[in-house]
Amino acid sequence: MQFIVTLEHMYFGIFIFVSLMQIYLMRKIDKVKDDVAIQNKEIQRIWEQIGILASTIAIKHLELEKEFNKFRDKQEKE
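In what follows, the accompanying structure is described. Model, not experiment: these values are computed from the prediction.

Parameters at a glance
- Residues numbered from 1 in each chain as written.
- Predicted model: local features only at pLDDT ≥ 70, side-chain atom pairs only at ≥ 80, totals over all residues.
- Heavy atoms only, no water.
- Helix = DSSP H or I, 4+ residues; strand = E, 2+ residues; numbered from the N terminus.
- Salt bridge = Lys/Arg side-chain N within 4 Å of Asp/Glu carboxyl O.
- Buried < 20%, exposed > 50% of the residue type's maximum accessible area, 1.4 Å probe, protein only.

Mapped onto the elements of the fold, Gln22 is located in helix H1 (residues 7-77). As a C-alpha pair, Gln22 and Glu76 span 54 residues in sequence and 79 Å in three-dimensional space.

Structure representation (structure tokens):
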């Protein structure tokens, strides 16, 4: 029994292969987009926490600076 592969059969096979690869890659891209969206949300939360931390440090620094100035003024008066 012989199988004859014509040019049309090869084109059809290549077309099916390329179509399946495209479907596979589209699904992978959609999955990566979802993963990136999740990572972006996590990164946004981290930046928010960094902002809160920076604000807290700045407030604490100002409080300590005021206390230091009061202490220095007190020592200068004595």
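Scanning the entire structure with this criterion turns up one salt bridge. A salt bridge links Glu63 to Lys60, with the shortest nitrogen-to-oxygen separation between them at 3.7 Å. Here Glu63 pairs with Lys60, and both are found in helix H1, just three residues apart, close to one helical turn. Owing to a relative accessible area of 49%, Lys60 belongs among the partly exposed residues under this scheme.

Bringing the environment of Ala37 into the picture now. Looking at the element boundaries, Ala37 is found in helix H1. For Ala37, a relative accessible area of 35% gives the class partly exposed. For the pair formed by Ala37 and Lys77, sequence separation is 40 residues and the distance between their alpha carbons is 60 Å.

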